[in-house]
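The residues making up each chain are set out below.
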Amino acid sequence: MEKLMIRGGRPLRGTVQISGAKNSAVALLPASLLAESEVVLDNLPRLSDVAVYSEILQELGGKVTWDGGVMKIDPSSLQSKPMPNGRVNLLRASYYLMGALLGRFGEATIGLPGGCNFEPRPIDQHIKGFEALGATVTNDHGSIKISAKQLRGAKIYLDVVSVGATINIMLAASKAKGSTIIENAAKEPEIIDVATLLNSMGAKIKGAGTETIRIEGVDSLHGCRHSIIPDRIQAGTYMIAAAATRGDVLIDNVIPKHMEAMTAKLLEMGVQVYELDEAIRIVGGPSYEAVDVKALVYPGFATDLQSPMTSLLTQANGVSVLSDYVYSNRFKHVPELVRMGANIKVEGRSAIIEGGPLNAAKVRAADLRAGAALTVAGLTVADGVTEVTGVEYIDRGYDFLVDNLRKLGADVWRENE
Ligand code: EPU
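I will try to describe carefully the structure that is included in this document.

### With respect to the nonpolar core
Among the nonpolar cores identified, the biggest contains 76 residues, and Tyr53, Ile56, Leu97, Met170, Leu171, Leu198 and Met201 are the most heavily contacted of them. With seven residues, helix α5 (residues 163-173) is the largest single contributor of residues to this core. Setting aside anything within four residues of it in sequence, one finds Ile56 in contact with Met83, Arg87, Val88, Leu91 and Leu97. The next biggest cluster of nonpolar side chains, apart from the first, holds 65 residues, and it includes Val249, Ile251, Ile280 and Val291.

This is the structure:
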C-alpha cells in the first residue's frame, strides 16, 4: 500500500486536464454489454474502478482492449453467468450488471455491491424497478438473483431520486416489450451520457436529464462509438484545490454548465471564477467569506464535492454550515480534518466549520471523496508533511492526481506505507 505525501503551502498555478467521468464510465461499460457488436468508448479515465470493470466484462466473455483513453468492447460472444462474488464485490457500480444482464439475457445473479461504504446504501429502488418490469428478484446468500421470461414496459415512480436506480431501469427497459416511464428520475449529467450511448446503440430513450424518462423497448442493440463526458467531480475538486491554495488554475475539458452550483458557492466565498467554453479559470484571493452549502441531487451542489468543500471552508473567515441532503452521514473526513487542527462539529446531517489554519498530520482516507478532502487540506499546510493513507480509495476516482498536482507546482509524492 502507498501513502500520499504533501508538503503544502504553494499556490497551484497552471492548467489541468480533466478526464472522462468515472460515474459515467462505470455505467457505460455494463451498458455496452447490451449491444451485439463492438462498442468503442473514448475519453475513458485511467482508474482502478474502470480496470476492475473491464476485467468483469472479460470474465463474462466480452473481448476488451484498452489503449490510452480508448476502450473497445466486443460483447458478441458474451455468456450469461452468475457472478455471486469476486470482482463484483469490489465495486459499488457492479449493480449496473443487474440491469444490463437482465436486459441482455433475461437473468442476472450479482453479489451485493462493494465500493465506498461511507454509510448504508440500499438498492431497494433498483429492485422495485426490475420487479415493475416483470422480473422476479430474490436475495440468495448475499447475491441478488433476478430473472424474467419477458421484460415488459411499466410506469415506475422512484420513491427516492436515485442515480443508480434510474440508470439500472433504463438499461433493462431498453430491451423490454413496450414502453417504460420513469417518474421522479435522477437528472445527473451521467444519466444523459448513458442514455446517449444507449440511443447510439439503437435504444429509444427520451427525457434523460429531466424527472420523466420514457423508454420504448427494442429487440436488439448494436455497437457504436461514444465519447464520455468530463468528470464534474474531478473538475470541482481541482476548482476547490485552486481556491484553497489561493492559486490561479485553468481547469480544462469541463462543461461549465455542470459546475454551476460549485461556481456559485465559490463566487459567494469571494473566489474569482471565469467560465470559458470548455474550461473554468479559478483565481484565489487572500481571504474568503464563510458560506452555507447544501448538498442535493443535481443540479444542486454535488454530495461528492461536499467532503473536499469542507476542507476549503476551513480556509474561510467565520462559521460555515455544510449539510448533506443526499447522504445523512457522509462525514468520515471530519475526524481526520480535526486531527489536522480543523474546528468542525458534526450535528445531524450538517458539519459546522469554523475557519482557521490547519497543521500537517498523519491521516487516513476512509473513502474516495474523504481522500480528496484530505489532499486539499494537506495542500494548504506549509509547515511539515501531511501523510494520507488509504490512497487506494483516491485511485478509484482521480487518475494522474500526483502528476497533475506536480504540474500545478505542488510538492506531492507517493511512498510505500
Ligand atoms: N437510495 C435509496 N434506495 C435506492 C437507491 C438509493 O434509498 O435504491 C438513496 C441512497 O441511500 C442515497 C440517495 O438515495 O441517500 C441517492 O443515492 P443514489 O442511488 O443516487 O446513489 P448511487 O447511484 O449509489 C451515485 C454515485 C455516487 C454519488 C451518488 C449521488 C456512482 C457509481 N456513484 O451513487 O458517487 O455520491 O450517485 O450523486 O455513480 C462517488 O463518486 O464518490 C460516489 C459515491
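### Structural notes on the sheet that holds strand β5 (residues 70-74)
Pairing between sheet strands relies on hydrogen bonds along the backbone, with the strands arranged either parallel or antiparallel. The four strands are arranged β4-β5-β3-β13 in an open sheet whose pairing can be described as mixed. The open sheet has two edge strands, β4 (63-67) and β13 (224-227), and neither has a second partner. The sheet shows a mean angle of 15° between the axes of neighbouring strands, direction not considered. Bridge analysis of β4 against β5 gives five bridges, and the strand direction is antiparallel. In the sheet register, Thr65 faces β5, and the bridge partner there is Lys72. Each of β4 and β5 is contacted by helix α2 (residues 48-59), which is oriented at about 155° to β4, the strand it contacts most.

### Remarks on unusual backbone geometry
With omega at 10°, the peptide bond leading from Tyr298 into Pro299 counts as cis. If you trace the backbone, Pro299 turns up in the loop between β18 (293-295) and α9 (306-313). Of note in this structure, Arg246 is not a glycine but carries a positive phi near 55°. By secondary structure assignment, the location of Arg246 is in the loop between α7 (232-244) and β14 (248-252). Given the relative accessible area of 28%, Arg246 is considered partly exposed. You will see that Asn253, though not glycine, has its phi angle at about 65°, which is positive. With respect to the helices and strands, Asn253 occurs in the loop between β14 and α8 (260-269). A relative accessible area of 23% places Asn253 in the partly exposed class.

### Re the sheet that holds β14
On the basis of which strands lie adjacent, the open sheet formed by four strands has the order β2-β14-β16-β15 and mixed pairing. Of all strands in the sheet, those with a lone pairing partner are β2 (13-17) and β15 (272-275), marking the two edges. Averaged over all pairs of adjacent strands, the angle between their axes in this sheet comes to 15°, without regard to strand direction. Note that β14 and strand β16 (residues 279-283) share five bridges and pair antiparallel. Across the sheet, residue Leu250 finds its bridge partner in β16, namely Arg281. Against the sheet, α8 makes contact with β15 and β16, and its axis sits at roughly 145° relative to β15, the strand it touches most.

Conventions we followed
Residues numbered from 1 in each chain as written. Predicted model: local features only at pLDDT ≥ 70, side-chain atom pairs only at ≥ 80, totals over all residues. Heavy atoms only, no water. Core = buried A, V, L, I, M, F, W, Y, C linked by side-chain atoms within 4.5 Å. Buried < 20%, exposed > 50% of the residue type's maximum accessible area, 1.4 Å probe, protein only. Helix = DSSP H or I, 4+ residues; strand = E, 2+ residues; numbered from the N terminus. Contact = heavy atoms within 4.5 Å. Pairing = 2+ DSSP bridges. Axes fitted to C-alpha atoms, helices over the stretch in contact; angles between N-to-C directions.

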